[in-house]
Amino acid sequence: MELRKDPITRSWVLTGDGEPLQTGASSCIYCEGSDHLPQPIYSLPYQHRPGAIRVYPHRRPLYTIDGRAERRAEGIYDKMRTVGAHEVIVESPDHEARLSMADERDIAHLLRCWALRIDDLKRDMRFKYITVFKNQGAIAGQEIKHPHSELTASPFIPRRILYELRSSQEYFVRKERCVFCDIERQEEQQGSRVVDISGNFLALCPFASRVPYELWVIPRYHHSSFESDLLHRAENTELAGILRRCLARLEQLTDAYHMVLHTSPNTIARKEVPGYWATLDDDYHWHIEILPIAQTQTKSYSIKEVYYCPTSPESAAARLKDLPSSRELLPQRTLEFQSR
Ligand SMILES: [Zn+2]
Ligand SMILES: [Zn+2]
Ligand SMILES: [Zn+2]
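Residues numbered from 1 in each chain as written. Chains lettered and ligands numbered in written order. Predicted model: local features only at pLDDT ≥ 70, side-chain atom pairs only at ≥ 80, totals over all residues.

**Focus: the sheet that holds strand β7 (residues 85-90)**
If you trace the 10 strands from one edge of the open sheet to the other, you get β3-β4-β7-β9-β8-β13-β14-β12-β11-β10, paired in antiparallel fashion. One side of each edge strand has no neighbouring strand; the edge strands of this open sheet are β3 (42-46) and β10 (194-197). Each strand of the sheet is rotated relative to its neighbour by a mean of 20 degrees, with strand direction disregarded. As paired elements, β7 and strand β9 (residues 148-154) share six bridges and run antiparallel to each other. Looking at the pairing, Val88 lines up with Glu150 of β9. Docked against the sheet, helix α1 (residues 104-121) engages β3, β4 (49-57), β7, β8 (129-136), β9 and β13 (257-262), running at close to 170 degrees with respect to β3. (Pairing = 2+ DSSP bridges. Helix = DSSP H or I, 4+ residues; strand = E, 2+ residues; numbered from the N terminus. Axes fitted to C-alpha atoms, helices over the stretch in contact; angles between N-to-C directions. Contact = placed C-beta atoms within 7 Å.)

**Focus: the sheet that holds strand β1 (residues 2-5)**
Within the open sheet, the four strands sit side by side as β2-β1-β6-β5. Their pairing is antiparallel. Taken across any chain shown, the strands that pair with only one partner, and hence form the sheet edges, are β2 (12-15) and β5 (72-74). Direction aside, neighbouring strands of the sheet carry axes that sit 35 degrees apart on average. As paired strands, β1 and strand β6 (residues 77-81) are joined by four bridges and run antiparallel to one another. Bridging across to β6, Glu2 finds its partner in Arg81.

**Comments concerning the packing of α1 against helix α5 (residues 237-250)**
With their axes 8 Å apart at the nearest point, α1 and α5 run at an angle of 105 degrees to one another. The angle between α1 and α5 falls in the class roughly perpendicular. Taking contact as the criterion, the partners of Glu104, Arg105, Ile107, Ala108 and Leu111 in α1 are, on α5, Thr237, Leu239, Ala240, Gly241, Leu243 and Arg244. When the residues that make up the contact of α1 with α5 are grouped by side-chain class, the tally is six nonpolar, two polar and three charged. (Parallel < 35°, antiparallel > 145°, perpendicular 65-115°, else oblique. Nonpolar A, V, L, I, M, F, W, Y, C, P; charged D, E, K, R; others polar.)

By themselves, these are just geometric observations and shouldn't be taken as functional.
What follows is the structure, given as structure tokens:
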């Protein structure tokens with residue numbers, strides 16, 4: 001596999017003739033008692049059981065840890081090696097566990113685990129961006145059945161993050177304010193897209209949601225970096241709580257979602273370019289994006305890059321707010337769209 005850059009959109013694509021998918025072993029290797037696993041890279045307790053949240057290298061990684069990116073040209077084109085990291089973060093010893101039903105102290109341990117791994121990989125100058133994501137449900141591309149999240153460290157900044165970084169930097173240069181802080185304040189005042197609010201965090205359906213019931217969890221204070229923010233706090237049960245409640249509400253509408261952490265890029269990777277991210281700490285603001293996936297697609301996009309969202313974020317927020325968010329297994333309703 002290699003990374004190729006689209007010279008028009010400047011987005012990087014992982015490409016190559018991958019190995020055929022192997023039909024997995026019948027028993028889950030991430031369940032307790034499996035002898036198919038190496039020593040974890042890192043572990044934390046779950047339900048007071050030591051070492052129950054565990055981090056392993058991905059068995060079929062998108063990025064590999066050895067060597068250098070070796071950026072090179074092929075005529076007008078750019079390409080590089082898939083150097084980076086790809087880790088599996090096992091969230092619980094229980095195969096049937098769900099984040100939406102987990103104890104908030106356990107979710108707080110998991111969040112700390114995400115922060116520790118990102119912080120560790122940010123010491124490597126080869127990696128420009130490190131993030132954590134979770135694909136839940138087969139239609140969301142969940143490969144491993146055992147509850148887990150994944151971490152990737154890549155030698156480039158993913159395109160959507162780059163858009164966010166550039167926009168927030170431009171906004172800051174113009175207004176000397178963080179665009180995310182402004183969004184957060186306005187949403188709180190308007191209230192129509194707010195789903196949940198706690199002391200330090202807000203959950204909202206964004207103004208221009210790309211999919212029905214898109215949700216963001218955003219701190220109500222300014223901070224650019226998830227990992228340094230969390231690692232300087234004594235506990236993170238408040239964030240764990242709002243995240244769990246969001247997932248509990250959402251899972252009553254759909255079983256499948258993508259969840260992705262948007263945090264600051266690795267600044268030491270660009271320290272050779274003076275002033276490259278000069279205002280980053282002031283202009284960027286970490287957040288978590290959750291994109292639910294509907295079972296049925298009502299309409300195909302005629303232009304792929306234009307999003308068609310048949311439920312307004314105001315209706316989505318109102319419905320989500322009305323749904324219970326307790327830790328019990330809640331009845332599932334179908335994610336239907338409002339007709340226009
Ligand atoms: Zn398992
Ligand atoms: Zn901010
Ligand atoms: Zn974002």
